[in-house]
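Chain by chain, the residues run as shown.
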Amino acid sequence: RNVLYSDYRRHYSDTKKTLMDLVNEILDQFKDCNFTITMTGSGALALAKFLEVNFVQEVIACKNSIQEYEPSTSVAIELGGEDAKIIYFDHTIEQRMNGTCAGGTGAFLDQMAVLLNTDTEGLNVLALEGKTIYPIASRCGVFAKSDIQPLLNEGAAKEGIAVSIFQAVVNQTISGLACGRPI
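Residues numbered from 1 in each chain as written. Predicted model: local features only at pLDDT ≥ 70, side-chain atom pairs only at ≥ 80, totals over all residues. Heavy atoms only, no water.

## Here we look at the overall build of the chain
Step number 1: Helix and strand content of the chain: seven helices and five strands.
Step number 2: Each helix and strand of the chain, ordered N terminal to C terminal, gives the series α-β-α-β-α-β-β-β-α-α-α-α.
Step number 3: A burial count over the chain gives 31% of its 183 residues as buried.
Step number 4: For the chain, the proportion of contacts with a sequence separation of at least 24, taken over those separated by at least 6, is 53%.
Step number 5: Here the chain displays about 11,800 Å² of accessible surface, and carbon together with sulfur accounts for 54% of that area.
Step number 6: Seen as two clouds, the 15 positive and the 22 negative side-chain charges of the chain have centres 4 Å apart. (Helix = DSSP H or I, 4+ residues; strand = E, 2+ residues; numbered from the N terminus. Buried < 20%, exposed > 50% of the residue type's maximum accessible area, 1.4 Å probe, protein only. Contact = heavy atoms within 4.5 Å. Areas by Shrake-Rupley, 256 points an atom, 1.4 Å probe, with all protein chains shown as cover. Lys, Arg positive; Asp, Glu negative; His and termini not counted. Charge placed at Lys NZ, Arg CZ, Asp CG, Glu CD.)

See below:
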(Lines give C-alpha, C1' and ligand atoms only; values in the text may rest on other atoms or scores of the structure.)
Protein backbone atom coordinates (compact mmCIF):
# COMPACT_ATOMS: atom_id res chain seq x y z
CA ARG A 1 0.00 0.00 0.00
CA ASN A 2 2.98 2.30 -0.39
CA VAL A 3 3.58 4.12 -3.64
CA LEU A 4 7.09 3.22 -4.71
CA TYR A 5 7.08 5.03 -8.02
CA SER A 6 4.79 7.61 -9.55
CA ASP A 7 4.93 9.39 -12.86
CA TYR A 8 2.61 11.41 -15.05
CA ARG A 9 3.63 12.16 -18.59
CA ARG A 10 2.04 12.96 -21.90
CA HIS A 11 2.44 10.44 -24.66
CA TYR A 12 1.79 12.79 -27.59
CA SER A 13 0.10 9.93 -29.47
CA ASP A 14 3.18 7.73 -29.22
CA THR A 15 1.97 5.43 -26.48
CA LYS A 16 4.31 2.55 -27.25
CA LYS A 17 7.49 4.61 -27.00
CA THR A 18 6.26 6.44 -23.91
CA LEU A 19 5.36 3.17 -22.23
CA MET A 20 8.70 1.60 -23.09
CA ASP A 21 10.56 4.63 -21.72
CA LEU A 22 8.53 4.39 -18.52
CA VAL A 23 9.05 0.65 -18.11
CA ASN A 24 12.80 1.01 -18.71
CA GLU A 25 13.00 3.74 -16.05
CA ILE A 26 11.16 1.52 -13.56
CA LEU A 27 13.37 -1.47 -14.37
CA ASP A 28 16.49 0.68 -13.88
CA GLN A 29 15.24 1.90 -10.52
CA PHE A 30 14.01 -1.48 -9.23
CA LYS A 31 16.51 -3.92 -10.71
CA ASP A 32 15.88 -6.86 -8.38
CA CYS A 33 12.06 -6.75 -8.28
CA ASN A 34 9.36 -8.79 -9.97
CA PHE A 35 6.36 -7.01 -11.44
CA THR A 36 2.79 -7.74 -12.37
CA ILE A 37 1.43 -5.25 -14.87
CA THR A 38 -2.18 -4.27 -15.29
CA MET A 39 -3.08 -1.44 -17.64
CA THR A 40 -6.04 0.91 -17.61
CA GLY A 41 -7.16 4.08 -19.33
CA SER A 42 -7.75 5.32 -22.83
CA GLY A 43 -5.67 3.46 -25.36
CA ALA A 44 -4.44 0.93 -22.82
CA LEU A 45 -6.53 -1.94 -24.16
CA ALA A 46 -4.54 -2.08 -27.40
CA LEU A 47 -1.25 -1.77 -25.51
CA ALA A 48 -2.26 -4.48 -23.04
CA LYS A 49 -3.09 -6.83 -25.90
CA PHE A 50 0.18 -5.95 -27.64
CA LEU A 51 2.18 -6.62 -24.46
CA GLU A 52 0.00 -9.55 -23.39
CA VAL A 53 -0.68 -8.08 -19.95
CA ASN A 54 -3.85 -7.58 -17.93
CA PHE A 55 -6.30 -4.79 -18.69
CA VAL A 56 -8.98 -3.32 -16.40
CA GLN A 57 -11.46 -0.76 -17.70
CA GLU A 58 -10.67 2.59 -16.08
CA VAL A 59 -14.02 3.16 -14.33
CA ILE A 60 -13.78 -0.32 -12.80
CA ALA A 61 -10.18 0.33 -11.72
CA CYS A 62 -11.22 3.61 -10.12
CA LYS A 63 -14.20 1.97 -8.35
CA ASN A 64 -12.07 -0.92 -7.06
CA SER A 65 -9.37 1.40 -5.73
CA ILE A 66 -11.84 3.62 -3.95
CA GLN A 67 -13.60 0.67 -2.34
CA GLU A 68 -10.24 -0.71 -1.19
CA TYR A 69 -8.69 2.51 0.15
CA GLU A 70 -11.71 4.65 1.12
CA PRO A 71 -14.65 2.28 1.70
CA SER A 72 -16.85 4.99 3.26
CA THR A 73 -16.88 7.01 0.02
CA SER A 74 -20.38 7.88 -1.18
CA VAL A 75 -19.52 9.44 -4.53
CA ALA A 76 -16.34 9.90 -6.58
CA ILE A 77 -15.68 12.17 -9.53
CA GLU A 78 -12.72 11.60 -11.81
CA LEU A 79 -11.82 14.13 -14.45
CA GLY A 80 -9.64 12.54 -17.09
CA GLY A 81 -7.86 14.03 -20.03
CA GLU A 82 -10.77 13.61 -22.41
CA ASP A 83 -13.61 12.27 -20.31
CA ALA A 84 -15.20 12.60 -16.90
CA LYS A 85 -16.71 9.96 -14.66
CA ILE A 86 -18.91 9.87 -11.59
CA ILE A 87 -19.40 6.80 -9.43
CA TYR A 88 -22.07 6.54 -6.74
CA PHE A 89 -21.46 4.04 -3.94
CA ASP A 90 -24.69 3.34 -2.11
CA HIS A 91 -27.04 0.35 -2.32
CA THR A 92 -25.72 -0.41 -5.80
CA ILE A 93 -22.80 0.91 -7.80
CA GLU A 94 -23.88 3.47 -10.36
CA GLN A 95 -21.34 4.73 -12.85
CA ARG A 96 -21.74 7.48 -15.43
CA MET A 97 -19.30 8.81 -17.98
CA ASN A 98 -19.55 11.73 -20.34
CA GLY A 99 -19.50 10.49 -23.87
CA THR A 100 -19.95 13.33 -26.29
CA CYS A 101 -17.31 15.97 -25.67
CA ALA A 102 -14.14 16.72 -23.74
CA GLY A 103 -15.78 19.77 -22.14
CA GLY A 104 -14.90 20.03 -18.46
CA THR A 105 -11.96 17.61 -18.66
CA GLY A 106 -8.17 17.83 -18.68
CA ALA A 107 -8.12 18.69 -22.39
CA PHE A 108 -10.54 21.53 -21.66
CA LEU A 109 -8.32 22.81 -18.83
CA ASP A 110 -5.27 22.62 -21.12
CA GLN A 111 -7.03 24.76 -23.73
CA MET A 112 -8.17 27.30 -21.15
CA ALA A 113 -4.69 27.54 -19.60
CA VAL A 114 -3.24 28.41 -23.02
CA LEU A 115 -5.65 31.35 -23.24
CA LEU A 116 -4.12 32.69 -20.04
CA ASN A 117 -0.54 32.01 -21.21
CA THR A 118 0.09 29.31 -18.64
CA ASP A 119 -0.23 25.57 -18.09
CA THR A 120 -2.68 23.71 -15.86
CA GLU A 121 -0.45 24.08 -12.80
CA GLY A 122 -0.26 27.81 -13.45
CA LEU A 123 -4.03 27.90 -13.89
CA ASN A 124 -4.35 26.37 -10.43
CA VAL A 125 -1.97 28.95 -8.91
CA LEU A 126 -3.90 31.80 -10.54
CA ALA A 127 -7.23 30.43 -9.32
CA LEU A 128 -6.06 30.52 -5.70
CA GLU A 129 -6.10 34.32 -5.89
CA GLY A 130 -9.37 34.64 -7.83
CA LYS A 131 -11.89 37.04 -6.32
CA THR A 132 -14.63 37.16 -8.99
CA ILE A 133 -16.40 34.26 -10.66
CA TYR A 134 -17.55 34.97 -14.21
CA PRO A 135 -20.03 32.79 -16.08
CA ILE A 136 -18.04 30.58 -18.45
CA ALA A 137 -19.40 27.68 -20.49
CA SER A 138 -17.54 24.45 -19.95
CA ARG A 139 -19.59 22.15 -22.14
CA CYS A 140 -17.39 23.09 -25.07
CA GLY A 141 -13.93 24.63 -25.32
CA VAL A 142 -15.04 26.82 -28.23
CA PHE A 143 -17.92 28.27 -26.21
CA ALA A 144 -15.65 28.79 -23.21
CA LYS A 145 -13.11 30.64 -25.36
CA SER A 146 -15.89 32.90 -26.64
CA ASP A 147 -16.75 33.69 -22.98
CA ILE A 148 -13.13 34.22 -21.91
CA GLN A 149 -11.83 36.33 -24.80
CA PRO A 150 -14.13 39.31 -24.07
CA LEU A 151 -13.19 39.11 -20.38
CA LEU A 152 -9.52 39.32 -21.32
CA ASN A 153 -10.21 42.18 -23.74
CA GLU A 154 -12.05 44.07 -20.98
CA GLY A 155 -9.11 43.65 -18.58
CA ALA A 156 -10.62 41.09 -16.21
CA ALA A 157 -8.06 39.67 -13.80
CA LYS A 158 -6.57 36.38 -14.95
CA GLU A 159 -7.01 35.09 -11.42
CA GLY A 160 -10.77 35.62 -11.64
CA ILE A 161 -10.91 33.98 -15.04
CA ALA A 162 -8.90 31.01 -13.74
CA VAL A 163 -11.20 30.40 -10.77
CA SER A 164 -14.16 30.83 -13.12
CA ILE A 165 -12.78 28.11 -15.39
CA PHE A 166 -12.66 25.70 -12.45
CA GLN A 167 -16.18 26.72 -11.38
CA ALA A 168 -17.32 26.01 -14.94
CA VAL A 169 -15.86 22.50 -14.65
CA VAL A 170 -17.74 22.00 -11.37
CA ASN A 171 -20.97 23.19 -13.01
CA GLN A 172 -20.43 20.91 -16.01
CA THR A 173 -19.73 17.93 -13.77
CA ILE A 174 -22.80 18.49 -11.64
CA SER A 175 -25.15 19.10 -14.55
CA GLY A 176 -23.64 16.64 -17.01
CA LEU A 177 -22.79 13.73 -14.74
CA ALA A 178 -24.78 14.03 -11.53
CA CYS A 179 -27.95 14.92 -13.48
CA GLY A 180 -29.72 16.10 -10.34
CA ARG A 181 -28.50 13.33 -8.06
CA PRO A 182 -26.97 14.69 -4.87
CA ILE A 183 -23.23 14.72 -4.39
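From this point, the narrative continues.
## Digging into unusual backbone geometry
Step number 1: In this structure, Tyr12 takes a positive phi of about 50° despite not being glycine.
Step number 2: With respect to the element layout, Tyr12 can be found in the segment before α1 (15–29).
Step number 3: A relative accessible area of 69% means that Tyr12 is categorised as exposed.
Step number 4: For Ser13, which is not glycine, the phi dihedral falls at a positive 65°.
Step number 5: Its location among the elements puts Ser13 in the segment before α1.
Step number 6: Here Ser13 falls in the exposed class, since its relative accessible area comes to 72%.

## Quick notes on the layout of surface pockets
Step number 1: Each pocket or cavity is described by its volume, and for the largest pocket that value is around 2,200 Å³.
Step number 2: Along the walls of the largest pocket sit 48 residues, with Asp7, Tyr8, Arg9, Thr40 and Gly41 positioned nearest its centre.
Step number 3: For the lining of the largest pocket, the secondary structure elements donating two or more residues are α1, β1 (38–39), α2 (44–51), α3 (58–69), β3 (75–79) and α4 (106–115).
Step number 4: The residue inventory of the lining of the largest pocket, partitioned by class, reads 22 nonpolar, 17 polar and nine charged. (1 Å grid on protein atoms, 1.4 Å probe; cavity = no way out; pocket = protein on both sides within 12 Å on 5 of 7 lines; lining within 4 Å. Points joined across faces, edges and corners; volume = space filled by probe spheres on them. Nonpolar A, V, L, I, M, F, W, Y, C, P; charged D, E, K, R; others polar.)

## With respect to the packing of α4 against helix α7 (residues 158–178)
Step number 1: Remark: α4 packs on α7, axes separated minimally by 11 Å, with the N-to-C direction vectors making an angle of 160°. On the basis of the axis angle, α4 is roughly antiparallel to α7. Between α4 and α7 lies a crossing whose hand is right-handed. On α7, the residues touching Phe108, Leu109 and Met112 of α4 are Ile165, Phe166 and Val169. (Axes fitted to C-alpha atoms, helices over the stretch in contact; angles between N-to-C directions. Parallel < 35°, antiparallel > 145°, perpendicular 65-115°, else oblique. Left-handed = near helix turned anticlockwise from the far one by under 90°.)

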